[in-house]
Amino acid sequence: MSLRSCVVFNVLFIMLFLVCVDSSKAEPQQKKEIKVQQLMTPVTGLSVSAAKVPADPMKALVDRLDLKMYEAAGGDLSMCRNGWQCLKGAKYIKSWLCAEDACNGTDKTKKGINCFEGVASKYSKAQQDEISVSFCALIESPNTATRQDFIDHLSNPNVTQDILVGATAFLMALKGYEDGCEHHIKDYVGAYGPQWSEKWYTALSGCRILAGVRARQQEEKDYYTWFGVINGVGSCSDIVDGGMREACSAPQAASPLPVSPKPVPASPEVLPDNAK
């Protein structure tokens, strides 16, 4: 399942962005400029509309990162406009604040599971109670053990440690702990290297956007620069954010091009259809 094609949070989330990009075969800038000029040259027999200049491929890649979801979750949901995937993801991220209030007793009217639309009714009261206890333990102390305990209460194998790391990290960011959010992700993934990917880089962007440390536009501008570096234009030192600049410069660093699942919940449905 994917955020771009079919958002189903019977898996908590799986977002899949397919982009036909081969960064290892990037063309020199001069050749790219020649190609652009050729594309802009009027073609005999074609109408003006049929000979449109293609959109900026770098911007198209940046747009695929869907950073608006974080902006909407940290502020105004209308930022998603007509993007239903973006809206569901933003609502889901916000729902974790509700769940935390339920777990710490700030809101005594519900359990954490009730914060996620359409989920509680799928389970018996006994199942809801068991899941809620495990859920609250995860929120209170997110670590390998509490994540695994939560997973063990569910029957869906697609609910993974990756997914829960992203969700609990974003909860920290929503509360203003941007450093905690980033450290939580970095402690789990490890030092910048081959094991990193777009899904984790954008998760760090989510930390910064949700905590209000950086604006979405600032993050997007840095990705635009990074994608340019991959294509042989500019350098990592041109990236403003220190963390992203470090990732760009890291030996054997993974590409940030959007081609992999994100560790970001894509739907307000936090649990699968069946629980143990």
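Please refer to the structure placed before this passage.
Below is a summary of the structure that appears in this document. Remember, it's a predicted structure, so these values are computed and weren't measured experimentally.

So, on to the overall build of the chain. If you tally the helices and strands in the chain, you get eleven helices and zero strands. N-terminal to C-terminal, the α/β element order of the chain is α-α-α-α-α-α-α-α-α-α-α. For the chain, the proportion of its 276 residues judged to be buried stands at 46%. Of all intrachain contacts in the chain linking residues separated by at least 6 positions in sequence, the fraction that spans at least 24 positions is 65%. Accessible surface for the chain amounts to roughly 13,300 Å². Of this, 54% is attributable to carbon and sulfur atoms.

Assignment of secondary structure puts Val213 in the loop between helix H9 (198-210) and helix H10 (216-230). As a C-alpha pair, Val213 and Glu178 span 35 residues in sequence and 7.4 Å in three-dimensional space.

With that settled, consider the state of the cysteines. Applying the stated rule across the entire model yields five disulfides. The residue that forms a disulfide with Cys181 is Cys207, at a sulfur-sulfur distance of 1.9 Å. In this structure the cystine formed by Cys181 and Cys207 twists about its S-S bond by roughly -70 degrees; its chirality is therefore left-handed. Of the two residues, Cys181 is situated in helix H8 (residues 178-189) and Cys207 in helix H9; the sequence distance between them amounts to 26 residues. Both residues of the pair, Cys181 and Cys207, belong to the buried class.

About the cut-offs
- Residues numbered from 1 in each chain as written.
- Predicted model: local features only at pLDDT ≥ 70, side-chain atom pairs only at ≥ 80, totals over all residues.
- Heavy atoms only, no water.
- Helix = DSSP H or I, 4+ residues; strand = E, 2+ residues; numbered from the N terminus.
- Buried < 20%, exposed > 50% of the residue type's maximum accessible area, 1.4 Å probe, protein only.
- Contact = heavy atoms within 4.5 Å.
- Areas by Shrake-Rupley, 256 points an atom, 1.4 Å probe, with all protein chains shown as cover.
- Disulfide = S-S within 2.5 Å.

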